[in-house]
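# Observations on the three-dimensional arrangement
Here are the chains, one letter per residue:
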Amino acid sequence: MVLPFLSIYLREARGLTLEEVGIILSLFGAGALVGSFLGGWLTDRIGSFAVQTVSLIGGGICFLFLKEVETFEGLALGFFLTTIVTDSLRPANSTAVAQYAKKENLTRAYSLNRMATNLGFAIGPAIGGFLAAKNYDLLFYVDGISCIMAGLLFALYFLKLPKNKEKKEVVIDENQVKPLPPWKDFSFMIFIFLVAGYGTIFFQLFITLPLYYREVYLLPENQIGWLLALNGFIVFALEMPLVAKLGNAVSLKRVVGLGALFAGLGLLVLNVAEGIVILVLSVIFLSVSEILAMPFMTSYTVQRADERSRGRYLGMYSVGYSIAFIAAPAIGTFLIKSSGYTILWYVLSIFSVLVAFGLIKNLNAKKQFKSLH
């Protein structure tokens, strides 16, 4: 609920400049970067259950404290620390999916998990827009309390399962060769660099597009919330059937490359024409991009690792998106300030072509893609 309205909140409720907003959003991404490393490292050592529980409950508490912070310095530090806690969830959660799902269902399992996430993102901005129109403090109250409740429900449910369920796959043979850490896997690190490039384009949906809706189209918070919620509804409704259909029919490089191109197209259309129909079309293209790229990128990451290094690989995958969340607001706010929204959309759409080409070159083995299913 907070993230889709964060740029507007910082600009209007806290009266920060565009440069200060960019700094805080980049620190938000920096915290996610640290959290992704920390979450992956902790998951391989203490397990995904403990990391997820602490992240959910701790993140909720952080949001409740954030609403009391008013200074630029306090907000910058607060959001940095908050995202360290909240984003440690990602590698732990992805690891848990791999531990519980059957290998042949792995991509569909991640799509199912993302379907739940996107149902939340369909509901969150819609409710968030209503709350923000009343009082921005309500965003932090409701987001914080919902995170704490999710953490408690998660802990109560999984504590009832057999104690050996979570770690059933992690049987270490001392005679096995020590797994290669992700940062020494050159091809994988190129992939992470390209993931960061893709995320820099896609994350404009949460960073500069809300500002664009507000400053160019003068939309109120509730309408912005519904536009962003449309992304969640589309992904929730279409990702599972599309992944099932494309998974065995199209090569990895083609589906992920096409996903990167759709991200650029979702921004480019904003320069083609004006009106609410164009805004909706933009969100549709960005949603298709998410469906085509993200679930297959995640399952590729899981299959490249083994049980002993899975948390670190997924942590590094999250790092790619965290880097994007540092770069996206820095690039977005700089280009808006210096050249305007039109140039921003053109630059990122051209960049999407380069990212798509890089992904196609990096993910160049169809046989490897088939092993993901």
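Just so you know, these numbers come straight off a predicted model, no measurement behind them.

Regarding its fold elements, the protein chain presents 15 helices and zero strands. For 373 residues, the compact-globule estimate of 2.2 N^0.38 gives 21 Å, and the C-alpha radius of gyration of the protein chain, at 20 Å, lies within 12% of that figure. With the model as given, the accessible surface of the protein chain reaches about 16,300 Å², and the carbon-plus-sulfur share is 68%. Distance between charge centres in the protein chain, computed from 30 positive and 23 negative side chains, equals 11 Å.

With that out of the way, let us pick up the environment of Val 283. Topologically, Val 283 is positioned in helix H12 (residues 276-304). Looking at Val 283, the relative accessible area reads 0%, which means it is buried. Each C-alpha atom, one on Val 283 and one on Leu 205, is 7.9 Å from the other, the two residues being 78 residues apart in sequence. Those residues in contact with Val 283 that sit more than four places away from it in its chain are Tyr 213, Leu 227, Leu 230 and Asn 231.

The next thing to look at is the packing of aromatic side chains. Counted under the stated rule, the structure contains 26 aromatic pairs. For the pair Tyr 212 and Tyr 213, a centre-to-centre distance of 6.5 Å together with 55° between the ring planes defines the contact as tilted. Both residues of the pair, Tyr 212 and Tyr 213, belong to the buried class.

Summarising the model, the protein chain shows a mean pLDDT of 85, and 91% of its residues fall at 70 or more. The least confident element of the protein chain, judged by mean pLDDT, is helix H15 (residues 366-370) at 41; the most confident is helix H14 (residues 341-362) at 94. Note that pLDDT drops below 50 for residues 365-373; the model gives that stretch 23 contacts with residues more than four away or on any other chain.

What follows is about the side chain of Gln 52. Considering the arrangement of structural elements, one finds Gln 52 in helix H3 (residues 48-66). For Gln 52, a relative accessible area of 4% puts it in the buried group. When near neighbours in sequence (up to four residues on either side) are disregarded, Gln 52 contacts Leu 89, Ala 92, Asn 93, Ala 96 and Phe 154.

Overall, the coordinates contain nine salt bridges when judged by the stated rule. Between Lys 67 and Glu 68 there is a salt bridge, with its nearest N and O atoms 1.9 Å apart. According to the relative accessible area criterion, Lys 67 is buried, its value standing at 9%. Of the residues examined, Glu 68 reaches a relative accessible area of 54% and is grouped as exposed. Taking the shortest distance from any N to any O, the salt bridge between Arg 90 and Asp 87 comes out at 2.8 Å.

Between the first and last C-alpha of helix H7 (residues 136-159) there are 35 Å, a value that for 24 residues agrees with the 34 Å anticipated at 1.5 Å per step. Buried residues of H7: Tyr 136, Leu 139, Phe 140, Asp 143, Gly 144, Cys 147, Ile 148, Gly 151, Phe 154 and Ala 155, and no others. One side-chain oxygen at the N-terminal end of H7 lies 2.8 Å from the backbone nitrogen of Asp 137; it belongs to Asn 135.

A word on the state of the cysteines. A full pass over the atoms with the stated rule returns zero disulfides. Cysteine Cys 62 shares no disulfide, and the gap to the nearest cysteine sulfur, in Cys 147, comes to 9.8 Å. The exposure class assigned to Cys 62 is partly exposed, which follows from its relative accessible area of 21%. Judged by its relative accessible area of 18%, Cys 147 is buried.

Before going further, it helps to spend a moment on the nonpolar core. With 80 residues, the main nonpolar core has Phe 79, Phe 191, Tyr 198, Tyr 213 and Met 297 as its most contacted residues. Residues in contact with Phe 79, not counting those within four places in the same chain, are Val 2, Leu 6, Leu 10, Ile 24, Phe 28, Leu 66 and Phe 140. Val 97, Ala 98, Leu 106 and Leu 314 belong to the second largest nonpolar core, which has seven residues in total.

All right, on to the environment of Val 216 then. Assignment of secondary structure puts Val 216 in the loop between helix H9 (208-215) and helix H10 (221-247). According to the relative accessible area criterion, Val 216 is partly exposed, its value standing at 44%. Considering only alpha carbons, one finds Val 216 and Tyr 341, 125 residues apart in sequence, at a separation of 9.1 Å. When sequence neighbours within four positions are dropped, the list of residues in contact with Val 216 reads Leu 211 and Tyr 341.

Each packed pair of helices is defined by two parameters, the angle between the axes and the distance between the axes. Two elements in contact, helix H4 (residues 72-87) and helix H5 (residues 89-100), have axes separated by 5 Å at closest approach and are oriented at 10°. Between H4 and H5, the angle is such that the two are roughly parallel. Here Val 85, Thr 86 and Asp 87 of H4 lie close against H5, whose contacting residues are Leu 89, Arg 90 and Pro 91.

Along the chain, the position of Glu 221 falls in helix H10. Among the polar contacts made by the side chain of Glu 221, one reaches the side chain of Tyr 136 at a distance of 3.1 Å. Sequence-distant contacts of Glu 221, defined by excluding residues within four places in its chain, comprise Phe 5, Glu 12, Gly 129, Ala 132, Ala 133, Tyr 136 and Arg 214.

A cluster of nonpolar side chains, namely Leu 138, Tyr 141, Val 142, Ile 145 and Met 149, defines an oily patch on the protein surface of about 410 Å² accessible area. For Val 142, the location among the structural elements is in helix H7.

Attention shifts here to the packing of H3 against H5. Relative to each other, H3 and H5 sit at 140°, their axes nearing to 9 Å. With respect to H5, the element H3 is oriented oblique. Between H3 and H5 lies a crossing of left-handed hand. Each of Ser 48, Val 51, Gln 52, Ser 55 and Leu 56 in H3 lies in contact with H5, whose residues at this interface are Leu 89, Ala 92, Asn 93, Ala 96 and Gln 99. Split by residue class, the contact of H3 with H5 holds five nonpolar, five polar and no charged.

Reading the values: rules and limits
Residues numbered from 1 in each chain as written. Predicted model: local features only at pLDDT ≥ 70, side-chain atom pairs only at ≥ 80, totals over all residues. Heavy atoms only, no water. Helix = DSSP H or I, 4+ residues; strand = E, 2+ residues; numbered from the N terminus. Rg over C-alpha atoms; globule rule 2.2 N^0.38 Å. Areas by Shrake-Rupley, 256 points an atom, 1.4 Å probe, with all protein chains shown as cover. Lys, Arg positive; Asp, Glu negative; His and termini not counted. Charge placed at Lys NZ, Arg CZ, Asp CG, Glu CD. Buried < 20%, exposed > 50% of the residue type's maximum accessible area, 1.4 Å probe, protein only. Contact = heavy atoms within 4.5 Å. Phe/Tyr/Trp six-rings, centres within 6.5 Å; stacked < 30°, edge-to-face > 60°. pLDDT = per-residue confidence, 0-100. Salt bridge = Lys/Arg side-chain N within 4 Å of Asp/Glu carboxyl O. Expected span 1.5 Å × (residues − 1). Polar contact = N/O pair within 3.5 Å; in protein donor to acceptor, adjacent residues only side chain to side chain. Disulfide = S-S within 2.5 Å. Core = buried A, V, L, I, M, F, W, Y, C linked by side-chain atoms within 4.5 Å. Axes fitted to C-alpha atoms, helices over the stretch in contact; angles between N-to-C directions. Parallel < 35°, antiparallel > 145°, perpendicular 65-115°, else oblique. Patch = residues over 30% accessible without salt bridge, like charges linked within 9 Å, V, L, I, M, F, W, Y side chains within 5 Å. Left-handed = near helix turned anticlockwise from the far one by under 90°. Nonpolar A, V, L, I, M, F, W, Y, C, P; charged D, E, K, R; others polar.

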